[in-house]
Amino acid sequence: MSQWTSSVGAPQLARLLGSQHARDTVTPIGGRRSPAYRSLADGIRLLVLEGRVPVAARLPAERELAAALSVSRTTVAAAYEALRGEGFLESRRGAGSWTAVPAGNPLPTRGLDPLPPEAVGSVIDLGCAALTAPEPWLTRAFQGALEELPPYAHTHGDYPAGLPALRQALADRYTARGIPTMPEQIMVTTGAMGAVAAICRLFAGRGERVAVESPSYANVLQLMREAGTRLVPVAMADRLAGWDLPAWRQVLRDAAPRLAYVIADFHNPTGALAPEEQRRELVEAARAAGTLLIADETMSDLCLEPDVELPRPVCAFDPAGSAVITVGSASKTFWAGLRIGWVRAAPDVIRSLVAARAYADLGTPVLEQLAVTWLLDTEGWDASIDIRRTQTRENRDALVDALGRHLPDWEFTVPKGGLTLWVRTGGLSGSRIAEAGERLGVRVPSGPRFGVDGAFEGFVRLPFTVTGAVAEEAATRLAEAARLVASGATAAVEAPRTYVA
Ligand SMILES: Cc1ncc(COP(=O)(O)O)c(C=O)c1O
């Protein structure tokens, strides 16, 4: 559970229900007009399942909601009663009603578990949003790294803050983006995951609140859960519009979380790109609340459209360097197999992170750091980004096309960057589709992995990491999975057919 009780006021709930009707996403019941109380109960249930209203949020009193919706109090009472019966509401006499998810609802509150490549076989693994290495640059980078290695071989090889040459190269890259940065502001980590883990260890102990986008990147959510922090979800705005700033301001003010974790650049899983004004406002709100903002830039190089003007990084709005900690990674820009990430923060924060590292992982492998340094110091880094963008754009378009043909009632907004499609599965359970897909030879993570407390049951995340023919086969298998789930026949699923990537 998120363990932080938010509340949804009557006007806010009325607004959310109204936008839902405008989108016409409330499941029609047998094509007939359903009674008013039933439509209202369905609407609220969907808001909870889609994470637009958090689990454990206090709902308005019946009388207030009735007034805001211009319906009778009896209608609201009947809707609340129906939700209680289905496990989506808990009430205590005299105290109020809180949203819930039913006991027994599949709650995959865990991260993503990509199959090791040798285990994939005939399965199309869409569990992991990562691409193959952009050759020839991986080979060239390691050849360059080997040439640079001899002087390091005469040292003990532990560089808890990272190799000085790489810290300098990363700092120079921020400076070139208009964010003056010194090497003392950089710490090299074992992937972005290593960076977020180090920040959490230092700042957010057991019981501390962390505000997160809802949905957000599953593995970071899981890392924070395991660290014992209390996640406070804040729903993303609709249709890739970025953040819902009023909701963020309310959470930062009311919950005063120690940390907030955001992915402003081609958000995982939705692909949203937060506009510059939102970045400025979020930094201001975080500073006012005394919350440290972790800005995860892992996806920032994966802009797929030439017409997109990239907003300045979140840290650009924190010139004093006291409110924002930036996390970066070579995993999406270059290759996840390097396991190189970094933190950019104020020098004193970096010193504390480095000191704490001695009892975590001590450091990051030297050869991989030299390979990234070589890429940044040559044309290799930018050339790799170009390869990535072309490849990813083609993959995205192939997947979008295949889904449109095989699953026309699945809904998504095509993002302008990143690696993932966040897909509403036409009213079917994403968890059931994931289960059926697994047996049909396509692995997809279900929506609840990207939520807090069981939200997003009606979603799956599909990365555009496979090429045309494989995307086509993946969509065919997913359509078969959807058909089985819709017919309730998920038990009788055949073993996967063989496919060649
Ligand atoms: C937003 C985000 N952060 C972090 C990661 C993990 O990055 P790394 O491989 O550098 O640990 C991912 C991987 O998908 C991601 O999407």
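Procedures and definitions
- Residues numbered from 1 in each chain as written.
- Predicted model: local features only at pLDDT ≥ 70, side-chain atom pairs only at ≥ 80, totals over all residues.
- Heavy atoms only, no water.
- UniProt positions renumbered as here; feature names shortened; annotations may be inferred.
- Helix = DSSP H or I, 4+ residues; strand = E, 2+ residues; numbered from the N terminus.
- Rg over C-alpha atoms; globule rule 2.2 N^0.38 Å.
- Buried < 20%, exposed > 50% of the residue type's maximum accessible area, 1.4 Å probe, protein only.
- Contact = heavy atoms within 4.5 Å.
- Areas by Shrake-Rupley, 256 points an atom, 1.4 Å probe, with all protein chains shown as cover.
- Lys, Arg positive; Asp, Glu negative; His and termini not counted.
- Charge placed at Lys NZ, Arg CZ, Asp CG, Glu CD.
- Pairing = 2+ DSSP bridges.
- Axes fitted to C-alpha atoms, helices over the stretch in contact; angles between N-to-C directions.
- Near = heavy atom within 4 Å.
- Polar contact = N/O pair within 3.5 Å; in protein donor to acceptor, adjacent residues only side chain to side chain.
- Nonpolar A, V, L, I, M, F, W, Y, C, P; charged D, E, K, R; others polar.
- Phe/Tyr/Trp six-rings, centres within 6.5 Å; stacked < 30°, edge-to-face > 60°.
- Core = buried A, V, L, I, M, F, W, Y, C linked by side-chain atoms within 4.5 Å.
- Right-handed = clockwise from strand over helix to strand, strands pointing away.

As annotated in an unreviewed UniProt entry, the protein chain carries the name DNA-binding transcriptional MocR family regulator and is attributed to Streptomyces netropsis. Recorded in UniProt for the protein chain, the comment headed Sequence similarities (unreviewed entry) runs: "In the C-terminal section; belongs to the class-I pyridoxal-phosphate-dependent aminotransferase family."

Caption draft 1: Main features of the overall build of the protein chain. Scanning the protein chain for helices and strands turns up 18 helices and 14 strands. Against the 2.2 N^0.38 benchmark of 23 Å for 501 residues, the protein chain shows a C-alpha radius of gyration of 23 Å, consistent with a compact globule. In terms of its C-alpha atoms, the protein chain occupies a principal-axis envelope of roughly 80 × 55 × 40 Å. Here the protein chain holds 501 residues, and the buried ones make up 56% of them. For the protein chain, the proportion of contacts with a sequence separation of at least 24, taken over those separated by at least 6, is 76%. Taken as a whole, the protein chain presents about 20,500 Å² of accessible surface, with 53% of it coming from carbon and sulfur. Positive and negative side-chain charges in the protein chain, numbering 51 and 55 respectively, have mean positions lying 7 Å apart.

Caption draft 2: Up close: the sheet that holds strand S2 (residues 89-92). Pairing within the open sheet is antiparallel, and its three strands lie in the order S1-S3-S2. Among the strands making up the open sheet, the edge pair consists of strand S1 (58-59) and S2. Taken strand by strand, helix H4 (residues 73-86) contacts S1, S2 and strand S3 (96-99), and its axis lies near 110° from that of S2.

Caption draft 3: Fine view of the side chain of arginine 45. Counting through the fold element by element, arginine 45 comes out in helix H2 (residues 36-49). The contacts of arginine 45, once residues within four sequence positions are left out, are Leu83, Glu86 and Phe88.

Caption draft 4: Spotlight on the sheet that holds strand S10 (residues 324-329). Reading across the sheet, the seven strands line up as S5-S11-S10-S9-S8-S6-S7 and stay open at both edges, with mixed pairing between neighbours. Pairing within the sheet leaves two strands with one partner each, and these edge strands are strand S5 (186-190) and strand S7 (230-235). For this sheet the average axis-to-axis angle between neighbouring strands, irrespective of direction, equals 25°. In this sheet, strand S11 (residues 340-344) lies alongside S10 in antiparallel orientation, the contact comprising four bridges.

Caption draft 5: Layout of the site of the ligand. Around the ligand, 14 residues are found, and the nearest of them are Ala192, Asp296, Ser329, Ser331 and Lys332. Here asparagine 268 contributes a side-chain N or O atom positioned 2.8 Å from an oxygen atom of the ligand. Between lysine 332 and the ligand, the recorded distance is 2.6 Å, taken from a side-chain N or O atom to an oxygen atom. Going through the elements one at a time, helix H9 (191-203) and helix H13 (331-335) are the ones with two or more residues in the shell around the ligand. Top contributing element to the shell around the ligand by residue count: H9, with three residues. Its residues assigned to classes, the shell around the ligand shows six nonpolar, five polar and three charged.

Caption draft 6: Spatial organisation of the packing of aromatic side chains. Overall, the coordinates contain six aromatic pairs when judged by the stated rule. Judged by centre distance (5.6 Å) and plane angle (75°), the ring pair of tryptophan 422 and phenylalanine 450 falls under edge-to-face. Of this pair, tryptophan 422 sits in strand S12 (residues 420-424) while phenylalanine 450 is found in the loop between strand S13 (442-443) and strand S14 (459-463), placing the two residues 28 residues apart along the sequence. Pairwise contacts between aromatic rings join Trp422, Phe450, Phe456 and Phe459 into one cluster.

Caption draft 7: Inspection of the nonpolar core at higher detail. Trp243, Trp248, Leu293 and Trp381 are the most contacted members of the largest nonpolar core, which has 56 residues in total. Look past the residues within four positions of tryptophan 248 in its chain and what remains in contact with it is Ala211, Val212, Glu213, Val234, Trp243, Ala260, Val262 and Leu282. In terms of nonpolar packing, the next biggest core, distinct from the first, is built from 40 residues, Met187, Ala192, Ala204 and Ile325 among them.

Caption draft 8: Quick peek at the UniProt feature "domain: HTH gntR-type" (unreviewed entry) in the protein chain. Cross-referencing UniProt, the feature "domain: HTH gntR-type" (unreviewed entry) maps to residues 34-102 in the present numbering. End C-alpha atoms of residues 34-102 are separated by 23 Å, and the span's content is 52% helix alongside 14% strand.

Caption draft 9: Main features of the side chain of threonine 326. Position of threonine 326 among the secondary structure elements: in strand S10. If we ignore the near neighbours within four places in the chain, the residues touching threonine 326 are Tyr174, Ala295, Glu297, Cys315, Trp342, Val343 and Arg344.

Caption draft 10: Examining the pairing of strand S9 (residues 292-296) more closely. With five of its five residues buried, S9 lies for the most part within the structure. Side chains of S9 alternate between two faces, with Leu292, Ile294 and Asp296 and Leu293 and Ala295 buried alike. For the segment spanning strand S8 (residues 259-262), helix H12 (residues 276-289) and S9, crossover handedness is right-handed. Of the pairings in the sheet, the one linking S9 to S10 comprises four bridges and is parallel in character. Within S10, the position partnered with isoleucine 294 by the bridge is isoleucine 325.

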